[in-house]
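# Residue-level structure breakdown
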Amino acid sequence: MTTAAQGLLVSIDGPGGVGKTTTIGHLAATLTDAGLLVHRTVQPSTGPIGALARDLAPTAGGATLACLFAADRYHHLDTEIRPRRDSGHIVLCDRYLASGLVVQRADGLDLAFLAAINAHADPPDLAVILTADPDTIARRVVARGAHNRYQGGTNLAAAEIAHYEQAAAHLQHVGSTVLQIDTTHTAPNRVVARIAATIATICCAAPTTRGQAA
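Reading guide: rules and limits
- Every chain's residues receive numbers from 1 upward, in the order its sequence appears when written.
- With pLDDT at 70 or above as the cut-off, local features in this predicted model cover only qualifying residues; side-chain atom pairs require 80 or more to be listed or tallied, and sums for whole chains, interfaces and linings still use all residues.
- Side-chain measures here rest on the full set of heavy atoms in the structure, leaving out hydrogens and waters.
- Strands here are runs of E lasting at least two residues and helices are runs of H or I lasting at least four, both read from the DSSP assignment and numbered beginning at the N terminus.
- In this scheme, a residue with accessible area under 20% of its type's maximum is buried, one over 50% is exposed, and one in between is partly exposed, where area comes from a 1.4 Å probe on protein chains only.
- Between N or O atoms, a polar contact is any pair within 3.5 Å; within protein, one atom must be a potential hydrogen donor and the other a potential acceptor, and residues adjacent in sequence are included only when both atoms are from side chains.
- Residues count as neighbours in contact if any of their non-hydrogen atoms are within 4.5 Å of one another.
- Buried Ala, Val, Leu, Ile, Met, Phe, Trp, Tyr and Cys residues form a nonpolar core when they are joined through side-chain atoms within 4.5 Å.
- Each pair of strands is called paired provided DSSP finds at least two bridges between the two strands.
- Inter-axis angles, ranging from 0 to 180 degrees, are taken between N-to-C directions of lines fitted to C-alpha atoms, where helices are fitted over the stretch in contact.
- Every helix has an expected span of 1.5 Å times one less than the residues it contains.
- The arc in question is the one traced by the directions running from the helix axis out to the C-beta atoms.

With omega at -5°, the peptide bond leading from Gln-43 into Pro-44 counts as cis. With respect to the helices, strands and loops of the structure, Pro-44 is situated in the loop between strand 2 (38-42) and helix 2 (48-56). Unusually for a residue other than glycine, Arg-95 sits at a positive phi of about 75°. Along the chain, the position of Arg-95 falls in the loop between strand 3 (90-94) and helix 4 (97-100).

Structure representation (structure tokens):
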């Protein structure tokens, strides 16, 4: 876990169709308007391992992808996340450890294996897990188009939601603050307000303030 002077790592995870990208965009603007240093990033990262993971995602699976995503996570921490966090930024990561504990479960891997290969990744200071009713998720995915083979109908969404519940419990066990928000009937601005309020609570609980730069 980080100290206040080092910044904050906030992850936003959840099934496809719950509004992660929209939420991060509005959250970044809200925090920046409040005078905080904000750095927005994504996993798989834009680095060489992340690019390889995205290229192989349509054809690889299981342990191959899980280990590749974990390797990208470690490289991403070394080259981008930790340096930004340690310079006082609030780092907003679109998919992080929770996704690493969930996505490849659709390929038959268990939580224990996924937790083991990600055991040395920094737990997020705040893990936000967005969810929604499985039928709502399925409708949203159909409307926008599936981004990968892990997104599909109601049954897939329900299984993924259950796996995120287990990931949330794991993240709490390793010391992360976990905030779960159902976006089925919650307006995006309300979602952002809840996350921003939780970030403020974490910052106020620390011995010094975060994000001193303009």
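Let's pick the thread back up.
This next bit is on the environment of Thr-79. Along the chain, Thr-79 falls in helix 3 (residues 62-86). By relative accessible area, Thr-79 is classed as partly exposed at 49%. Sequence separation of Thr-79 and Gly-47 is 32 residues, and the distance between their C-alpha atoms is 9.0 Å.

Relative to the helices and strands, Arg-85 resides in helix 3. The spatial distance from the C-alpha of Arg-85 to the C-alpha of Leu-37 is 9.6 Å, given a sequence separation of 48 residues.

This next bit is on the side chain of Asp-94. Assignment of secondary structure puts Asp-94 in strand 3. A polar side-chain atom of Asp-94 sits 3.3 Å from a polar atom in the side chain of Thr-21. What Asp-94 contacts, discounting residues up to four positions off in sequence, is Ile-12, Lys-20, Thr-21, Ile-24, Thr-41, Val-42 and Gln-43.

The next subject is the nonpolar core. One finds Val-10, Leu-27, Ile-195 and Ile-199 to be the most contacted residues of the largest nonpolar core, which totals 28 residues. When residues of this core are traced back to their parent elements, those giving at least two are strand 1 (8-13), helix 1 (20-33), strand 3, strand 4 (126-131), helix 6 (134-144), helix 7 (154-173), strand 5 (177-182) and helix 8 (188-205). It is helix 8 that provides the largest number of residues to this core, a total of seven residues. Beyond its immediate sequence surroundings of up to four residues, Ile-195 is in contact with Ile-12, Thr-23, Leu-27, Leu-126, Val-128, Leu-179 and Ile-181. By size, the runner-up hydrophobic cluster in this structure holds 24 residues, among which are Leu-9, Leu-77, Ala-115 and Val-178.

With respect to topology, five strands assemble into an open sheet ordered 2-3-1-4-5, the strand pairing being parallel. Strands at the two margins of the open sheet, each flanked by one partner only, are strand 2 and strand 5. Averaged over neighbouring strand pairs, the angle between their axes works out to 20° when direction is ignored. Of the pairings in the sheet, the one linking strand 2 to strand 3 comprises five bridges and is parallel in character. Looking at strand 3, one finds that Arg-40 is bridged to Leu-92. Helix 1 contacts strand 1, strand 2, strand 3 and strand 4 of the sheet and is inclined by roughly 170° relative to strand 3. Against the sheet, helix 3 touches strand 1, strand 2 and strand 3, its axis set at about 160° to strand 2.

A rise of 1.5 Å per residue sets the reference length of helix 1, with its 14 residues, at 20 Å; its end C-alpha atoms lie 20 Å apart and thus fit the reference within 8%. Residues of helix 1 that are buried: Lys-20, Thr-23, Ile-24, Leu-27, Ala-28 and Leu-31. All buried residues of helix 1 project into a common sector of 130° when viewed along the axis, lining one side. Immediately beyond the C-terminal end of helix 1, within one or two residues, lies Gly-35, with a positive phi of roughly 90°.

Across the six residues that make up strand 4, a large majority, six, are buried. Neither face of strand 4 is exposed, since Leu-126, Val-128 and Leu-130 on one face and Ala-127, Ile-129 and Thr-131 on the opposite face are all buried. Here strand 1 runs beside strand 4; their pairing, made up of four bridges, is parallel. Looking at the pairing, Val-10 lines up with Leu-126 of strand 4.

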